[in-house]
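Given next are the chains, with one letter for each unit.
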Amino acid sequence: MKKDLMDILACPICKGDLVLNITKEDEKEIISGTLYCSKCNEYFPITDGIPNMLPPELRE
Amino acid sequence: MVTITYRDADIELDENVYDPAEDSYLLADVAIDVAQDGMHVLEVGAGTGFVSAVLQTNVDVDLVATEISPFAAECAKRNSVEVIRADMFGCFGSDTKFDLILFNPPYLPTAEDEKIPGWLNYAFDGGIDGREAVDRFLEEFPPYLSDGGIILVLISSLTGIDKVKMHMQGRGLDVEVCNIDRDCFFEELIVLKGTFKASEQL
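The rules we used
Residues numbered from 1 in each chain as written. Chains lettered and ligands numbered in written order. Predicted model: local features only at pLDDT ≥ 70, side-chain atom pairs only at ≥ 80, totals over all residues. Heavy atoms only, no water. UniProt positions renumbered as here; feature names shortened; annotations may be inferred. Helix = DSSP H or I, 4+ residues; strand = E, 2+ residues; numbered from the N terminus. Rg over C-alpha atoms; globule rule 2.2 N^0.38 Å. Buried < 20%, exposed > 50% of the residue type's maximum accessible area, 1.4 Å probe, protein only. Contact = heavy atoms within 4.5 Å. Pairing = 2+ DSSP bridges. pLDDT = per-residue confidence, 0-100. Lys, Arg positive; Asp, Glu negative; His and termini not counted. Salt bridge = Lys/Arg side-chain N within 4 Å of Asp/Glu carboxyl O. Polar contact = N/O pair within 3.5 Å; in protein donor to acceptor, adjacent residues only side chain to side chain. Arc of directions from axis to C-beta.

An unreviewed UniProt entry lists chain B under the name N5-glutamine methyltransferase, from Methanococcoides burtonii. The record held by UniProt for chain B lists under Sequence similarities (unreviewed entry) the comment "Belongs to the eukaryotic/archaeal PrmC-related family."

As annotated in an unreviewed UniProt entry, chain A carries the name Trm112 family protein and is attributed to Methanococcoides burtonii.

Right, here's the structure in full:
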């Protein structure tokens, strides 16, 4: 995902702000990492450049 | 891996994802007509990413897409679509606005015993009356559409075009029928274009 996606993303549970933690990126985008909601204490993983913003019960 | 080319966009398909068909081509064509350079565009339920990929190849838009299926999200990503795994609008902050929102919903009337296992069911299953997904979309879109923004919704005659049209009008949209696909024998496909009048925003 591109970094500027952070401007429009929010926690799918509480709509609060997210904290980005990058573990791998290239010149174009973030490849892996997490988005963390401190209010819900929930991590949303970024895998192969795709943020998974599904609430845990839909994630499978 | 099967790749198709449409309006200068190359789209890779995936066996676990609904293949682009007449509905996808129709929505892509109308989206290219309606979109303007610089617009912020959202496609809900991108599937292979066909509509988004064709649109961003032909118009200089700033596009993101949501998709619930992991297979479809990966396929859309391979097709250079900025995709987020999310349930419709679930991932967006409350002040996020788009100028154009595209939706090719699962619209086939589907009984319990007609459901198919796995993620592919999301591509077809419109609930008993075919309008479950489109009705939910119409309930949820208003906070995410800018003043004067446009939604394009693909609908089949199997889904009840008049009922969807009335629902859209009830959500503060001016509705027009954008295009009619004449090549389908078992159903009529149309794109409903809804324009948000700022003064009537909910």
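Still more to cover.
Run through the overall build of chain A, naming residues and quoting values.
Looking only at helices and strands, one finds one helix and four strands in chain A. For chain A, the N- to C-terminal ordering of α and β elements is β-β-β-β-α. Compactness check: chain A gives a C-alpha radius of gyration of 11 Å against a globular reference of 10 Å for 60 residues, within 12% of the reference. Taking the principal axes of the C-alpha coordinates as reference, chain A spans close to 30 × 25 × 15 Å. Every one of the 60 residues in chain A was classed for burial, and the buried ones make up 45%.

Could you give an account of the overall build of chain B, naming the residues involved and the relevant values?
Scanning chain B for helices and strands turns up six helices and nine strands. Expected size for 202 residues packed as a compact globule is a radius of gyration near 17 Å; at 16 Å, chain B falls within 12% of this value. With respect to the principal axes defined by its C-alpha atoms, chain B has extents near 50 × 40 × 35 Å. Residues counted as buried form 56% of the 202 residues belonging to chain B. For chain B, the proportion of contacts with a sequence separation of at least 24, taken over those separated by at least 6, is 62%.

Give a detailed account of the environment of V81 of chain B, specifying residues and quantitative values.
Residue and element names in this part refer to chain B. Along the chain, V81 turns up in the loop between α3 (70-78) and β5 (83-85). For V81 and V64, which are 17 residues apart along the polypeptide, the C-alpha to C-alpha distance reads 6.9 Å. Ignoring anything within four residues of it in the chain, the contact list for V81 reads G49, S52, A53, Q56, L63, A65 and A76.

Help me get a handle on the environment of I155 of chain B, residues and values and all.
Residue and element names in this part refer to chain B. Among the structural elements, I155 can be located in strand β7 (residues 145-156). Remark: the alpha-carbon pair of I155 and N16, spanning 139 residues in sequence, is separated by 23 Å. In contact with I155, not counting residues within four places along its chain, are P105, V134, I161, V164, E188, L189, I190 and L192.

Pulling in residues and values, what's your account of the pairing of strand β1 (residues 3-6) of chain B?
Look at any regular strand and the pattern is simple: side chains alternate between the two faces of the sheet. All names here are of chain B. Relative to strand β2 (residues 9-12), β1 runs antiparallel, the two sharing four bridges. Bridging from a neighbouring strand, Y6 pairs with A9 of β2. If you look at the hairpin formed by β1 and β2, you'll find two residues sitting between the two strands, and R7 has a positive phi there, around 45°.

I'd love a proper account of the confidence of the model for chain B, names of residues and values included.
Across chain B, pLDDT averages 92, with 95% of residues at or above 70. Taken together, the chains of this predicted complex give a pTM of 0.94 and an interface ipTM of 0.96.

Describe the side chain of R171 of chain B, with residues and values.
Residue and element names in this part refer to chain B. Relative to the elements of secondary structure, R171 occurs in the loop between α6 (161-170) and β8 (173-181). At 4.1 Å, E139 is the nearest oppositely charged side chain to R171, a buried residue that forms no salt bridge. Here the side chain of R171 touches E139 through a polar contact of 2.9 Å, landing on its backbone oxygen.

So what's going on with α6 of chain B? Residues and values would help.
Each α-helix winds once per 3.6 residues, and so residues spaced three or four apart point in a common direction. Residues and elements named next belong to chain B. Buried within α6 are the following residues: I161, V164, H167 and M168. All buried residues of α6 fall inside an arc of 130° around its axis, so they share one side. Facing away from the buried side of α6 by more than 90 degrees, the exposed set consists of D162, K163, M166 and G170. The first or second residue beyond α6 is G172, which carries a positive phi of 85°.

Let's hear about the pattern of salt bridges: which residues, and what values?
Residues and elements named next belong to chain B. Following the criterion strictly, the structure yields 13 salt bridges over all chains and no others. Close ionic contact of R78 with E12 constitutes a salt bridge, the shortest N to O distance being 2.6 Å. You can see R78 sitting in helix α3 and its partner E12 sitting in strand β2, a full 66 residues away along the chain. Relative accessible area serves as the criterion here: at 37%, R78 is assigned to the partly exposed category. A salt bridge links E82 to K77, with the nearest nitrogen and oxygen atoms 3.6 Å apart. Accessibility assignment for this pair places E82 and K77 in one class, buried.

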